[in-house]
Each structure stands twice: as structure tokens, then as C-alpha cells.
Amino acid sequence: GIFDFCRIYYASATENYGAIDCSGNVTFSNSEIAETKYECVNAHGGGYFTAENSIFRDSSLAFGYYGGNKVRVYNCVIANCTTAVRQSNKIFCSTIFYNCRNFTDQSGDRSSFSYCCFFNPLGYGDQNSEKYAKNTCIWADPQFVNADKNDYRIKSTSPCVDAADGAVAPEFDYYGSPRMGVEGIRPTGTVAADGEVPDIGIYEVPGSADVPSADLTVMDVSAPETLTIGQTVRISWTVKNIGEIDA
């Protein structure tokens, strides 16, 4: 199955299984699972569950018992979960783990983590920074724009900027912007095929890549010259796209 630009809230396939309970191949992109009854994903059987540019949040468990190395998660965000990863051999790359009581349990730490960012606010949950800040991973505040409002874009000062694995990063981010490097940043990640170093997580901070864009400029504005108190007015304007692509 293919999930692209989907939102799954308040779901659980059964009493003790995931919002997505799959035994075949599933691709989950640019999507979100939140507020599940139990776990976000329960992958088992012969297929692969592959997630990219997606959010798994506010649930008891993000990734559960099953799946092993057939669960692959790239450039995602896992936030506000009791436990992020349970059991072993899952693969996580360039993913942000944030505000989780337990990042791993029941051998979940034997999963593979590379170019990931782990962080819990001081005084909450797992604070074992030495356990997670290794093998290309970091322990640092990802500096979300507004995590309380589920806005998981990162700021330009985030340590996640230019710190992901370009070999597996999706070409575009959650919002449809190309992955790119940022001028003035010393990259700590690896270069993608296009020569740019992408960011950890779902969002790509605008950088130095030469990306064509639309550019709308106002050419004319039409409105009444005078108004009376309480009058409804209609204002119109004409714009012209002087950019390089359609708006």
C-alpha cells in the first residue's frame, strides 16, 4: 500500500496493534499518525514498511514489537510518545526523536540509528545523552519552530541543519521543497547525489541551492476612493508572476 499526504488520527487497527497494521509492503510518505490508541505502526510478515518525511506523535508507542529490519524510517519526526521504539533491528536514519519518556525499550536500542537527533527537555524522560549521541547521532535541541503546536519545522540555527545522510534522504521535504545545503553552515552530514547536504527531520531549511521559484509582484490595485462608516468594500488587485516557474 501507498500512503502519501495522509493524516491518521485516533486510530488503532485492533485493541493492541497499530493504526497501521501491515504484513505487506507499505510506503508512508509526507504523512502523519497521531493520538493512536496503542502504537502508530505494527509491521509484520514478509513486507517492508518504509517511512519518509513523516510524523509519528502523541501515542503510547511509535514503532512496536514486530518488523525487524523490514521497518525503515528516513527523515521523520517521532515526538511526544511514551516509547519511540520497541524491540530490535529496525532502521532509523536522519530522524528526530523528541520528548519521549523512553526512546527505546525491550531491546529497541539494538535497532540501527544513524544521523538521528535525540532530545528530551531537562527533567523529562530518558536523559541518557551518552547512549544516543554516538554513531553519527547527536543529542541536541532540534529547535523546532513550535513543537507545542506540532510545527516540526526546524530553525536555521538548529544543529539538524546539513546534518543528515544524503545517501538516503528523499529528494523533497514534507512541504515539497528540495533538499539543499545552507550557506555558512559547516556540514556534518553526507552529500546527496546532487551535491547538497540535507537536514535531519521532515523540513529543509532554505539554503544555497539554485532553486527556481515563483515571484508574484503587484501590478495594480483597485478600490473605492471614499468609504462611509460600516460600508462593505471590495478591493481587487492584479499580480504578475516574474519568477521562473508557475505559481
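This report concerns the structure included in the present document. Quick caveat, the model's predicted, so the values are computed rather than measured. (Residues numbered from 1 in each chain as written. Predicted model: local features only at pLDDT ≥ 70, side-chain atom pairs only at ≥ 80, totals over all residues. Heavy atoms only, no water.)

### A few points about the pattern of salt bridges
- Considering all chains together, one arrives at six salt bridges under this definition.
- We note a salt bridge from Glu32 to Arg57, for which the minimum N-O separation is 2.5 Å. You can see Glu32 sitting in strand 5 (residues 32-34) and its partner Arg57 sitting in strand 8 (residues 55-57), a full 25 residues away along the chain. For the pair formed by Glu32 and Arg57, the shared burial category is buried.
- In this structure, Arg86 engages Asp105 in a salt bridge whose closest nitrogen and oxygen atoms are separated by 2.8 Å. Here Arg86, found in strand 12 (residues 83-86), pairs with Asp105, found in strand 15 (residues 102-105); they are 19 residues apart in sequence, far enough to count as distant. As far as burial versus exposure is concerned, Arg86 and Asp105 are alike and both buried.
- Within this structure, Arg7, Glu32, Arg57 and Asp58 form a network of salt bridges that share partners. (Salt bridge = Lys/Arg side-chain N within 4 Å of Asp/Glu carboxyl O. Helix = DSSP H or I, 4+ residues; strand = E, 2+ residues; numbered from the N terminus. Buried < 20%, exposed > 50% of the residue type's maximum accessible area, 1.4 Å probe, protein only.)

### Things to note about a nonpolar patch on the surface
- On the surface, Leu216, Val218, Val221, Leu227, Val233, Ile235, Trp237 and Val239 cluster together into a nonpolar patch covering about 770 Å² of accessible area.
- Elements with a minimum of two residues in the nonpolar patch: strand 21 (216-222) and strand 22 (236-241).
- Counting residues per element, the nonpolar patch draws most heavily on strand 21, which supplies three residues.
- As for its position among the elements, Leu216 is in strand 21. (Patch = residues over 30% accessible without salt bridge, like charges linked within 9 Å, V, L, I, M, F, W, Y side chains within 5 Å. Areas by Shrake-Rupley, 256 points an atom, 1.4 Å probe, with all protein chains shown as cover.)

### Section: the nonpolar core
- Core analysis: the biggest nonpolar cluster contains 54 residues, and Phe49, Phe56, Phe63, Ile78 and Phe97 have the highest contact counts within it.
- Excluding anything up to four places from it in sequence, Phe56 contacts Phe28, Ile33, Cys40, Val41, Ala51, Ala62, Phe63, Cys76, Val77, Ile78, Ala79 and Cys81. (Core = buried A, V, L, I, M, F, W, Y, C linked by side-chain atoms within 4.5 Å. Contact = heavy atoms within 4.5 Å.)

### Description of unusual backbone geometry
- The backbone phi angle of Asn80 is positive, close to 60°, even though this residue is not glycine.
- Mapped onto the fold, Asn80 is located in the loop between strand 11 (77-79) and strand 12.
- Of note, Thr136 is a non-glycine position whose phi angle comes to about 75°, a positive value.
- Relative to the assigned elements, Thr136 resides in the loop between helix 1 (129-132) and strand 18 (138-139).
- Look at Thr136 and you get partly exposed, because its relative accessible area is 42%.

### Some words on the pairing of strand 6 (residues 39-43)
- In terms of burial, strand 6 is largely enclosed, as five of its five residues are buried.
- Across four bridges, the pairing between strand 3 (residues 18-22) and strand 6 is parallel. In the strand pairing of strand 6, Cys22 is matched with Ala43.
- The pairing of strand 6 with strand 9 (residues 61-63) spans two bridges and is classified as parallel. (Pairing = 2+ DSSP bridges.)

### Describing the side chain of Ser54
- Inspection of the secondary structure assignment puts Ser54 in the loop between strand 7 (49-52) and strand 8.
- Of note is the side chain of Ser54, whose polar atom sits 3.4 Å from the backbone oxygen of Phe28.
- Within polar-contact distance, the side chain of Ser54 engages the backbone nitrogen of Ser31 at 3.1 Å.
- Excluding residues that lie within four positions of it along the chain, Ser54 makes contacts with Phe28, Ser29, Asn30, Ser31, Asn75, Cys76, Val77 and Ile202. (Polar contact = N/O pair within 3.5 Å; in protein donor to acceptor, adjacent residues only side chain to side chain.)

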